[in-house]
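Secondary and tertiary structure notes
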Amino acid sequence: MTTTTATSAPTTHTGLVTWVDEVAALTEPDTVVWCDGSDEEWDRLTSELVDAGTFVRLDEDKKPNSFLCQSDPTDVARVEDRTFIASARKEDAGPTNNWVDPAELKATMTELYRGSMRGRTMYVIPFVMGHLEATVPMFGVEVTDSAYVVTNMRIMARIGTPVLRKMEELDASFVKGLHSVGAPLAEGQQDVAWPCSDTKYIAHFPETREIWSYGSGYGGNALLGKKCYALRIASAMARDEGWLAEHMLILKLTSPEGRTHYIAGAFPSQCGKTNLAMIEPTLEGWSAEMVGDDIAWMRFGPDGRLYAVNPEFGLFGVAPGTGMHTNPQAIRTIEKGNSIFTNVALTDDGDVWWEGLTETPPAHLTDWKGRDWTPESSEPSSHPNSRFTTPAKQTPMIAPEYDNPDGVPIDAILFGGRRKTTVPLVYESRDWGHGVFVGATLSSETTAAATGAVGVVRRDPMAMLPFIGYHAGDYMAHWLEVGKQADASKLPRIFQVNWFRRAEDGSFLWPGYGDNSRVLTWVVQRLEGTAGAVDTPVGLVPEQGALDTTGLDLDEDQLAAALRVDTEEWKAELPLIEEWFAKIGDKLPTQLADELATLKERIEQA
Ligand code: GTP
Ligand code: MN
Ligand code: MN
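About the cut-offs
Residues numbered from 1 in each chain as written. Chains lettered and ligands numbered in written order. Predicted model: local features only at pLDDT ≥ 70, side-chain atom pairs only at ≥ 80, totals over all residues. Heavy atoms only, no water. UniProt positions renumbered as here; feature names shortened; annotations may be inferred. Helix = DSSP H or I, 4+ residues; strand = E, 2+ residues; numbered from the N terminus. Expected span 1.5 Å × (residues − 1). Polar contact = N/O pair within 3.5 Å; in protein donor to acceptor, adjacent residues only side chain to side chain. Donors = N, O, S within 2.8 Å, 3.2 Å for Na, K, Ca; no water. Buried < 20%, exposed > 50% of the residue type's maximum accessible area, 1.4 Å probe, protein only. Domains from an automatic or database assignment. Contact = heavy atoms within 4.5 Å. Buried area = accessible area lost by both parts, 1.4 Å probe. Pairing = 2+ DSSP bridges. Axes fitted to C-alpha atoms, helices over the stretch in contact; angles between N-to-C directions. Near = heavy atom within 4 Å. Areas by Shrake-Rupley, 256 points an atom, 1.4 Å probe, with all protein chains shown as cover. Nonpolar A, V, L, I, M, F, W, Y, C, P; charged D, E, K, R; others polar. Parallel < 35°, antiparallel > 145°, perpendicular 65-115°, else oblique. Left-handed = near helix turned anticlockwise from the far one by under 90°. Salt bridge = Lys/Arg side-chain N within 4 Å of Asp/Glu carboxyl O. Lys, Arg positive; Asp, Glu negative; His and termini not counted.

The protein chain is annotated in an unreviewed UniProt entry as Phosphoenolpyruvate carboxykinase [GTP] from Phycicoccus endophyticus. A UniProt comment under Subunit (unreviewed entry) is attached to the protein chain, and it reads "Monomer." Per UniProt, the protein chain carries the Sequence similarities (unreviewed entry) text "Belongs to the phosphoenolpyruvate carboxykinase [GTP] family."

Written as C-alpha cells, this is what we have:
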C-alpha cells in the first residue's frame, strides 16, 4: 500500500498515472492510496472498516478473518434502471439498454464527480480479469473512494503489485473504472457506516472501454471487474473480436467410468448458477468440480473447440437458501474464513445467519437492519439479495483446471430460468441455430438480485439481459456467427433446463440441487450417444426411463409433469416470444425468425 499525493505514483505506466491524476484533480480526495493486494493491506483496511463501524469482525473460531457488513437499506442490489450503455450511436445500445449520448452523460457525471471524494481516500486498484499469464491479459484499474470495494475486489479479482508490474512490462492498455459512492465529507463532518447517494449512475462507454459508476457501493454496481467489465464491456470486446463473454457457470463432471465433460450454464441472477457450480451429485460414482460460478469467457482453441475460462478470483454468492442441505460446498468454503458477508444477520456469538442456513433459526439475532430479531419477527433476518464474498480457491471442489489460462473445452451449454410452468425440466436443442433460439428466447421470473418487482416473467436472452453491452439483436447474431467459426461436430450441444416448475399446489416438481446431477447425467449420456430422447415440438426430451431416478421419492406422474411439453402452455408462450422478437426489431436475425416459425408450426401440428 503506497499513500501518495496524486503526483507521486509508484508506477512507470504513464497512461495510468495521467488518468489517476486527472481523476484525483476532479474528485479531490484527501489522499491517494495505490493498492498492492497484500495481506498487510487487507489487515489495515478491514481494521479501519471495523473502526469506522462499517465492518463487524466475526468470531475468529467460527469465521476466521471474516467480516459482516450492512449496507444502507436503499443500496442492496443492482440498479438496472440506472445502468446505461452510452455507446456513440443509440442503435448500438439497442432496445434493452438505457442509452444516453456519451458526451452528455460524461458532462452530467463530471459535475457529480467534481469534489465527490472530498474528505475521503481514493484507492487505485490495478486488477486483471482472467489470468495474468493469459496470452492477452485483460487489465483493468478501478479508482474508488470505498474501502469496502477494495476489500471485496481483493477477493473477487487478481489485484495489486504483480498486476501493475505486468501492465508496466507490456505498457498495456486497460479498462478504466471510476467509482465514487458520491458522498463527499465536509470539514469535520462525521461519516456514516455505508456512504452512498440517492443519485446513481452505472455507466458504460463500450467504444472507449470505460466504466463510470456513481452513488452506489453495492456488488455489481461497485465491484467494477464483475458485471461492468467482465460482462458489459467484455461482451462488446467479444463482439469485435469473435469470442463470447457470458453469464455462465463452468462445471467439470466426471462419470463413473472416469470420462470428463465440461458444462457451461447460463441462468439469470438468483436462478441457481452458484448452486450448480458446486453440485454434490447424488448419483453413485459421478463427481463434480467447479471451474466458475458466474462468468465464462469463451474462445475457440487451436483444435476448433470452444474453451472457457472463469475470469474471476472469488465468489459473490447469494446467501439466503445456502445451507448444508442445499449447497454444502459453499458452507465449507465460507467456513475457511477470509470472507465478507453483506446484509445478513449477526448471531449473539459473533457468527452470521440467514434464512435457510439451518433449519431451526437461532432464538435471537441482530437483523440486517441492526434490529433485534427472533423467529417470531415478521420480516426475514437477512435481505433476499444478501451475499457472501469468498475466495474461489477455498472451495473444496475447485477443479485444478481453474488455474489454466487456456480454460476448459466446453461440451454442453445449458440455458435455464425460473419458470413455474411451460418449460420442461430438460430438453436438448436440435442444432446450434435452434440452441441459439432457445437461449435468445430464454425467460425467467424476476428475483431480488435487481431492484424492481419480483416474480414477473421476462425474456432474458442467454441470461444476459442486464449485461449485454450492445444491441440485443446484434448479440443474437453474434452467437449465430460464432457457431459458424467451428465445425458443427465440435460445437457444444445446447440444452434448456428448468429446476423451478411447480405442481398445482405450488410445490416444486423436481427436488433440484444435488439431484440435478440426474439431469446432468442425461446430458452427458446424450453427448456420448447412450441416452434416449423423444422429439417434441420444442426439442428433445428424455424418453421414459432415460432419466435415472433411482432412490428418488418421486412418482411417475410427478416426473411426467416435470418433463411434459404441454401444447396449450406453449401456445400461450408463442405470443410472448413474438412480442419479444418484435421488440428486437429489424436487427432480429432472420434465422431466429425462421426458428420461431418452425416452433409455431410444430406446436400447431402437435
Ligand atoms: P447470481 O449469483 O445472482 O448470478 O445467481 P445464481 O444463478 O448464482 O443463483 P444461486 O445459485 O445463488 O441460486 C439462487 C437461489 O436459487 C437460491 O435461493 C437457491 O436456493 C435457489 N436454487 C438453486 N438451485 C435450485 C434448485 O435446483 N431447485 C430449487 N428449487 N431452488 C434452487
Ligand atoms: Mn450473476
Ligand atoms: Mn451466483
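Back to the write-up after that little detour.
Per the UniProt annotation, the sites labelled "domain: Phosphoenolpyruvate carboxykinase GTP-utilising N-terminal" (unreviewed entry) are residues 19-239. As a span, residues 19-239 carries 33% helix and 21% strand, and end to end its C-alpha atoms are 27 Å apart.

We now examine helix α14 (residues 567-584). Along its 18 residues, α14 runs 26 Å from first to last C-alpha, staying within 8% of the 26 Å computed at 1.5 Å per residue. The N-cap of α14, judged by a side-chain oxygen 2.9 Å from the amide nitrogen of Glu568 a few residues on, is Asp566.

The next thing to look at is the coordination of the manganese ion (ligand 2). Each protein donor to the manganese ion (ligand 2) is listed here as Lys227 (NZ), His247 (NE2) and Asp294 (OD); together their distances run 2.2 to 2.3 Å. Within one chain, the residues donating to the manganese ion (ligand 2) are spaced in sequence as K-x19-H-x46-D. Between the manganese ion (ligand 2) and the manganese ion (ligand 3), the interatomic distance is 5.1 Å. Of the two residues, His247 sits in the loop between β12 (244-246) and β13 (248-254) while Asp294 sits in the loop between β15 (287-292) and β16 (296-300), which places them 47 residues apart along the sequence. Accessibility assignment for this pair places His247 and Asp294 in one class, buried.

The subject of this paragraph is the domain arrangement of the protein chain. For the protein chain, the domain assignment lists domain 1 (2-52 + 82-241), domain 2 (245-313 + 400-605) and domain 3 (315-394). Taking only C-alpha atoms, the centre of domain 2 and the centre of domain 3 are 29 Å apart. Counting residues at the interface gives 13 residues for domain 2 and 15 residues for domain 3. Contact between domain 2 and domain 3 buries roughly 1,300 Å² in total, counting both sides, with carbon and sulfur atoms accounting for 57%.

A word on the sheet that holds strand β24 (residues 387-391). The 5 strands lie next to each other as β3-β4-β19-β24-β18, forming an open sheet whose pairing is mixed. The open sheet has two edge strands, β3 (55-57) and β18 (314-318), and neither has a second partner. Each adjacent strand pair in this sheet contributes to an overall mean axis angle of 20 degrees, direction not counted. Across 3 bridges, strand β19 (residues 340-342) lies against β24 in antiparallel orientation.

The subject of this paragraph is the site of ligand 1. Lining the immediate environment of ligand 1, one finds 21 residues, of which Gln270, Lys273, Asn275, Arg387 and Tyr513 sit closest. One nitrogen or oxygen atom from the side chain of Tyr513 is found 2.6 Å from an oxygen atom belonging to ligand 1. A distance of 2.9 Å separates an oxygen atom of ligand 1 from a polar atom in the side chain of Asn516. Burial of ligand 1 by the surrounding chains reaches 92%, relative to a free accessible area of 670 Å². Among the residues forming the shell around ligand 1, the class breakdown is 8 nonpolar, 9 polar and 4 charged. A domain split of the shell around ligand 1 shows at least three residues from each of domain 2 (245-313 + 400-605) and domain 3 (315-394).

Moving on: the pairing of strand β17 (residues 306-309). Regular strands have side chains that alternate between both faces of the sheet. Here β17 shows two buried faces, one formed by Leu306 and Ala308 and the other by Tyr307 and Val309. Strand direction decides the pairing type here: β16 and β17, joined by 4 bridges, are antiparallel. Paired with Arg299 across the bridge in β17 is Tyr307. The turn joining β16 and β17, which pair antiparallel and follow one another in sequence, is formed by 5 residues; a positive phi near 80 degrees is taken by Gly304. Bridge analysis of β17 against strand β25 (residues 408-409) gives 2 bridges, and the strand direction is antiparallel. Within β25, the position partnered with Tyr307 by the bridge is Pro409.

With that settled, the discussion passes to the packing of helix α10 (residues 432-440) against helix α11 (residues 472-484). Close contact between α10 and α11 brings their axes to 10 Å; oriented N to C, the two are set at 155 degrees. The angle between α10 and α11 places the two elements in the roughly antiparallel class. With respect to the hand of their crossing, α10 and α11 are arranged in right-handed fashion. In contact with Trp432, Gly433, Val436 and Ala440 of α10, α11 contributes Met476, Trp479, Leu480, Val482 and Gly483. Of the residues in the contact of α10 with α11, the class split is 7 nonpolar, 2 polar and no charged.

Let us look at the pattern of salt bridges. One pass over the full model with this rule turns up 42 salt bridges. With a shortest N-O distance of 2.9 Å, Glu401 and Lys252 are connected by a salt bridge. Linking Glu401 in the loop between β24 and β25 with Lys252 in strand β13, this pair joins segments that are 149 residues apart in sequence. Look at Glu401 and you get buried, because its relative accessible area is 17%. The class for Lys252 is buried, based on a relative accessible area of 11%. Across the pair Arg259 and Glu528 runs a salt bridge, and its minimum N-O distance is 2.7 Å. With Arg259 in the loop between β13 and β14 (260-266) and Glu528 in helix α12 (residues 516-528), this pair connects stretches of sequence that are 269 residues apart. Arg259 gets classed as partly exposed once you look at its relative accessible area, which sits at 41%. Connected through shared salt-bridge partners, Lys226, Lys227, Lys273, Asp294 and Glu312 make up one network.

Once that is clear, we can look at the side chain of Glu246. Tracing the chain through its elements places Glu246 in strand β12. Buried and unpaired, Glu246 has Lys273 as its nearest opposite-charge partner, separated by 11 Å. One polar contact links Glu246 to Trp479, side chain to side chain, over a distance of 3.1 Å. Apart from the residues within four sequence positions on either side, Glu246 is in contact with Leu231, Asp294, Ile295, Ala296, Met298, Met462, Met464, Tyr475 and Trp479.

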